[in-house]
Structure formats: C-alpha cells, structure tokens
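Notes for the structure review
Residue-level listing of the chains:
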Amino acid sequence: MARIRTAALALAMSLAATGTFAADLRIGLQEDPDVLDPDQSRTFVGRIVYASMCDKLVDITPELEIIPQLATGWEWSADGMALTMTLRQGATFHDGEPFNAAAVAANIERSQTMPESRRKSELTSIASTEIVDDYTIKFNLTAPDATLLAQLADRAGMMVAPKAAAEAGVDFGLNPVCSGPFKFKERVQQDRIVLEKFAEYWNADAYHFDTVTFLPIPDTTVRLANLRAGDLDMLERLAATDLASAKADAGLKVEQAVSLGYQGITINLANGERAKNPLGENKLVRQALSLAIDRDVINQVVFEGAFAPGNQPFPPNSPWYDAKYPVQPRDVEAAKAKLKEAGLDSVDIEFQVANNPVQMQMMQVVQAMAAEAGINITLTAKEFATLLKDQTAGDYVASQVGWSGRVDPDGNLHQFVTCKGGINDAKFCDPAVDAALETARTTTDTAARKAAYDAAQDVLMEELPLIYLYHQTWIWALNDKLSGFVPYPDGMIRLQGVSAAE
C-alpha cells in the first residue's frame, strides 16, 4: 500500500481543494505511458492522456459513428480516390501556432516520413496532400481506403504543432505540443503526468478542471484503495474481481463499456536472435500452446465471467468474426500430439508479462494449463513501457499483450500481421495475408471486406503469430461527486462535460 498518496503528498503536488474536490482531476492509470508523441507511441494509457491533450481530425460517438473534431466536414470523391476535409477555424496549438490546412499537411508528412513513426502503415493510402485553401485540405489516395476516416479518429489523426515538432524531432515527446483542451505541463516518469487547461481551446467552456494529473499505479488493489482514500478521483480498468465491491460502495460510481479490442500472446517469429526457438520456429508448438489453454476457465477464474473468451482479433459477437474458427475447447492430448509431431516431448518458454497482478494471475493460470501439455513457461514481469520496448526490439520470446481496439476492423489486424505493419513485433510475413488485408482496405463493400478478412484468418489460424485469449470489458470507477462521464467502447476518458460537485 506504499503507493497510496497521503494528504501531504497531495499538498506537495499543489492539489489544493475547494469544497470536496481539488481543482485538479486525478486519474489512476494501470501503466505509465510510453513516449508522448502520437507518431511514436503505442500504449493504451498514452491514448488516454492524448484524449485530453491532442485533438484529432475526427472523433467517434459511443455508438462508434465518426463525428467532427478539428475537421468540421468531409466529402469523398465519386471514385473514392480523394477525401476533402473542411477544417475548424479558430483552433490553435498550445504554443499559439494556428491550426490550418498547412498544419494538417505537415502532420501527415511527419507521420509518413519520420523514421520512428508507427503511423506509416495506417496512412499508406495517402499519396499526397493538397492545400485547397487555409481551411480546406484534400487527401489524394493511391487507392480507395475504407479505413481512412477511422485511422484519422485515432493517433494518425492527432495534430501536433508543426514548428515544435520540427524543432524537437525525435524528442518531441519530452514536451509535446498539441491542440486539445489541456496542454502538457510536466512529467515525472513512473509517477505522474500533469496537464493544465488551455484557455484558448475552441471549446474551453465544456471543460471544468484547471489541471488533470495522470498517476500510473499498476497494482489494481492499490489503485482502488487510492480512489477510496480520496487520493484519486477516477481510475481506469477496475479489476473485474473488484466490480461487486465497487458497486456496493456508496462513495463510488462504476461505468462499463464492452471493448473493441483483445488480450493475447504475441510470439516472436522472426524478430532477431530470440526468435530462434521451437515456439518461434515451429507453428506446431504454437498450435500446441493454443490447444493447452482453456479460455473459458480464464474468464471464470480470473475475471469472474465479466469478459468474453476469444480466439480472433474480433469478439465472437462481431460481424467480422470468422465462424469457421470458433473458440476451441481445451484439448491437452491434442496439444501433446502437436508437440510430438514437432519432435518434442516438452519445451521451455520464457514469457514476458506486465507487472500488474491481474495480468500476472492470468498468465499463472496459462502457465499451469500449459505445463500439463509439456509446455513449461517461465514468467518475467516487466514495467509495461519496458515490455513494449523489448517487444519492439525483438528482445523477447513470447509476450502477453493486448490491444484496445479500433472502430474499423483493419485497426485490429493490419498493422500487426502485414509484412511492413507498424506494430508487427512478431515479424510475421505472408504474401497471402498482405494481399487479403490490402483488399479489405480498398473496398467499401462489406461482404467483400468480410471475405478478405476470412481469407487472412485461414492463414493466421494456422500460423498463430498471435494467440488470442479474451475480449475485455472496460470498467471505470469514479468518486460519486463526479458527474457527466460517458463510457466509450474504445476505453478512452473524454472529459468534455465532466465536472465535480463542490
């Protein structure tokens, strides 16, 4: 309980209150975000911070409809080869630089050309940008792209200040400059990220806190204790095992939304020397591991039935789910047979896992299940940003990691399994998968897109570069004095309209 923050610490952080609440809103995060640069980052908690700091061209509704944000309107050409956007007038970046079409063009160029950018595969369809006038931008495409608006509703559509980004280069994340309702103030790694209200924001009246402080607290029990003690006002990802207790607490509110994403295991197939092991080199071993896992038991034992067992990037109730491959029951004998076919009686595997108790418990269950099939797993706990850094570098054998999900199905698959995908840490590469997923991007016909995703699944279910485990429900807990919070399926915390009772 050492991370519970005392009143003295709160005072030291200048969280002085009037009435019940501080002028600062304090939000507990499950992890510490990685670099605060929309082009370089990849963490879910980073996106939570961006929701308050970095406006996008478009956003979504809780019903997953695309709506205006920095772009107030858009129109597709008849052939689908161009997207023209009308931009919001009167918006500015936190350093005073104006937001306009030239800024959008600079952002797209940065995302496409910056060596460290992870957004390249999300914006490959944009061949060029055309500044029609100060507040009109045209994207000329290489081919019709059914996913583009959804990409612009996420990090690829987040606008950063061009001059600040150009001056800082790769170090932009140390002092990010965006155009959202709150601007960056300070960051203490592993301790806090502080944002302060941006008075010149185009919709400033809808935001009711002077500052927002994000506090990374990996231990779910400690995070909830901080909320109950009054040292947090809100937390994301309440543990499913604490749901009943939180609902029964008169001082708390609980909000929920079914996520768009998944949790699973990413396996190093060809990312450096550590891929040279039976799991990375032989799909039979990967198939054995998948067969040894009882996804229903994981859901019941670890998550008290609150989540959905899964074996694909889309949940079983999704229209994009491939019904040819239902969630398989556990089959230990079949798993042993796969190992034998691979020429093995047993195999030793090191898994890296985030250093929070929920993920550790879940992987301990997987560890026990796999052992019965002769798959001996050693667990190495890491701080989450370190885990992702090592995963990117190929310094891992297998990694328990998830994805928060995207509105368009492309966002749950393309960048992870295409040969040049921006987050393809497995370094899986198959021309048939690339062809299928490119087809899915370039048609707006739903049936044709579904057929293309199914064709990709035919390969992926055989090769298993990722082994999917479950689809979670986002659960937030809030002090009952907070009002106006709306849960979204993407798991983001949008503070528009959120206020606190005095």
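See the structure shown above.
Report follows, based on the coordinates. (Residues numbered from 1 in each chain as written. Predicted model: local features only at pLDDT ≥ 70, side-chain atom pairs only at ≥ 80, totals over all residues. Heavy atoms only, no water.)

1. Regarding the sheet that holds strand β8 (residues 126-133)
The antiparallel open sheet is built from four strands, whose spatial order is β6-β7-β9-β8. Strands at the two margins of the open sheet, each flanked by one partner only, are β6 (71-76) and β8. In this sheet, neighbouring strand axes are inclined to one another by 20° on average, regardless of whether the strands run parallel or antiparallel. Bridging between β8 and strand β9 (residues 136-141) involves six bridges; their strand directions are antiparallel. Note on β9: the bridge partner recorded for aspartate 133 is threonine 136. (Pairing = 2+ DSSP bridges. Helix = DSSP H or I, 4+ residues; strand = E, 2+ residues; numbered from the N terminus. Axes fitted to C-alpha atoms, helices over the stretch in contact; angles between N-to-C directions.)

2. Some remarks on the pattern of salt bridges
Enumeration over the complete set of coordinates arrives at 31 salt bridges. Salt-bridge contacts for aspartate 154 lead to arginine 406; the nearest nitrogen and oxygen are separated by 2.3 Å. You can see aspartate 154 sitting in the loop between α4 (148-152) and α5 (162-168) and its partner arginine 406 sitting in the loop between β19 (398-403) and α14 (414-417), a full 252 residues away along the chain. Overall, aspartate 154 belongs to the buried group, its relative accessible area being 7%. (Salt bridge = Lys/Arg side-chain N within 4 Å of Asp/Glu carboxyl O. Buried < 20%, exposed > 50% of the residue type's maximum accessible area, 1.4 Å probe, protein only.)

3. A closer look at the sheet that holds strand β18 (residues 375-382)
Read from one edge of the open sheet, six strands run β16-β20-β15-β19-β17-β18, paired in mixed fashion. Both outer strands of the open sheet, β16 (308-309) and β18, are each paired with one neighbouring strand and no more. Two strands pair when backbone bridges link them, and strand β15 (residues 262-267) and strand β20 (residues 466-471) are joined in this way by four bridges, in the antiparallel orientation. Its bridge partner being in β20, glutamine 263 is matched across the sheet by tyrosine 470. Strand contacts of helix α10 (residues 295-303): β16 and β20, with the helix running at about 45° to β20, the strand carrying the most contacts. With respect to the sheet, helix α12 (residues 357-371) is in contact with β15, β17 (347-354), β18, β19 and β20, its orientation differing from that of β18 by roughly 165°. (Contact = heavy atoms within 4.5 Å.)

4. Some points on unusual backbone geometry
Unusually for a residue other than glycine, glutamate 304 sits at a positive phi of about 50°. Along the chain, glutamate 304 falls in the loop between α10 and β16. By relative accessible area, glutamate 304 is classed as exposed at 51%.

5. Some words on the environment of isoleucine 60
You can see isoleucine 60 is positioned in strand β4 (residues 58-60). Look at isoleucine 60 and you get buried, because its relative accessible area is 2%. In this structure isoleucine 60 touches Glu65, Ile66, Ile67, Ala153, Val407, Tyr488, Asp490 and Arg494, once residues within four positions along its chain are discounted.

6. A word on α10
Helical geometry note: an α-helix holds 3.6 residues per turn, so side chains three or four residues apart project in the same direction. Turning to α10, its buried residues number three or more, namely Arg295, Ile298, Asn299, Val302 and Phe303. Within α10, the buried residues cover an arc of 100° as seen down the axis, which keeps them to one side. Looking at the packing, one finds that the buried side of α10 touches α9 (283-292), β16, α12 and β20. One side-chain oxygen of the residue at the start of α10 lies 3.1 Å from the amide nitrogen of aspartate 296, identifying that residue as aspartate 294. Positioned one or two residues after α10, glutamate 304 has a phi angle of 50°, which is positive. (Arc of directions from axis to C-beta. Polar contact = N/O pair within 3.5 Å; in protein donor to acceptor, adjacent residues only side chain to side chain.)

7. Looking at the nonpolar core
As a rule of thumb, soluble globular proteins bury nonpolar side chains together. In this structure, Leu57, Met85, Phe99 and Phe139 are the most contacted members of the largest nonpolar core, which totals 70 residues. At six residues, helix α2 (residues 44-53) tops the list of elements feeding residues into this core. Excluding residues that lie within four positions of it along the chain, methionine 85 makes contacts with Leu57, Val58, Ala71, Gly73, Trp74, Tyr135, Thr136, Ile137, Phe139, Leu149 and Leu152. Counting residues in each nonpolar core, the second largest holds 63 residues, with Leu269, Val332, Ala398 and Ala452 among its members. (Core = buried A, V, L, I, M, F, W, Y, C linked by side-chain atoms within 4.5 Å.)

8. Some thoughts on the environment of glycine 394
Positionally, glycine 394 belongs in the loop between α13 (384-393) and β19. Placed 122 residues apart in sequence, glycine 394 and glycine 272 show a C-alpha to C-alpha distance of 5.6 Å. If sequence neighbours within four positions are ignored, glycine 394 has contacts with Asn268, Asn271 and Arg274.

9. Observations concerning the packing of aromatic side chains
Applying the stated rule across the entire model yields 14 aromatic pairs. On the numbers, 5.7 Å between centres and 80° between planes, the contact of tyrosine 201 with tyrosine 207 is edge-to-face. Grouping residues by exposure puts tyrosine 201 and tyrosine 207 together as buried. Plain terms: the ring middles of tyrosine 262 and phenylalanine 416 are 6.4 Å apart, the flat faces sit at 70° to each other, and that makes the pair edge-to-face. Of this pair, tyrosine 262 sits in strand β15 while phenylalanine 416 sits in helix α14; the two residues are 154 residues apart in sequence, bridging distant segments of the chain. A single burial state applies to tyrosine 262 and to phenylalanine 416, both of which are buried. Here the aromatic cluster, defined as three or more aromatic residues joined through ring pairs, consists of Phe182, Tyr201, Trp202 and Tyr207. In this structure, arginine 88 is placed above the aromatic ring of tryptophan 202, and the distance from its NZ or CZ to the ring centre is 3.6 Å. The cationic tip of arginine 494 hangs over the ring face of tyrosine 488; the distance from NZ or CZ to the ring centre is 4.0 Å. (Phe/Tyr/Trp six-rings, centres within 6.5 Å; stacked < 30°, edge-to-face > 60°. Lys NZ or Arg CZ within 6 Å of the ring centre and 35° of its normal.)

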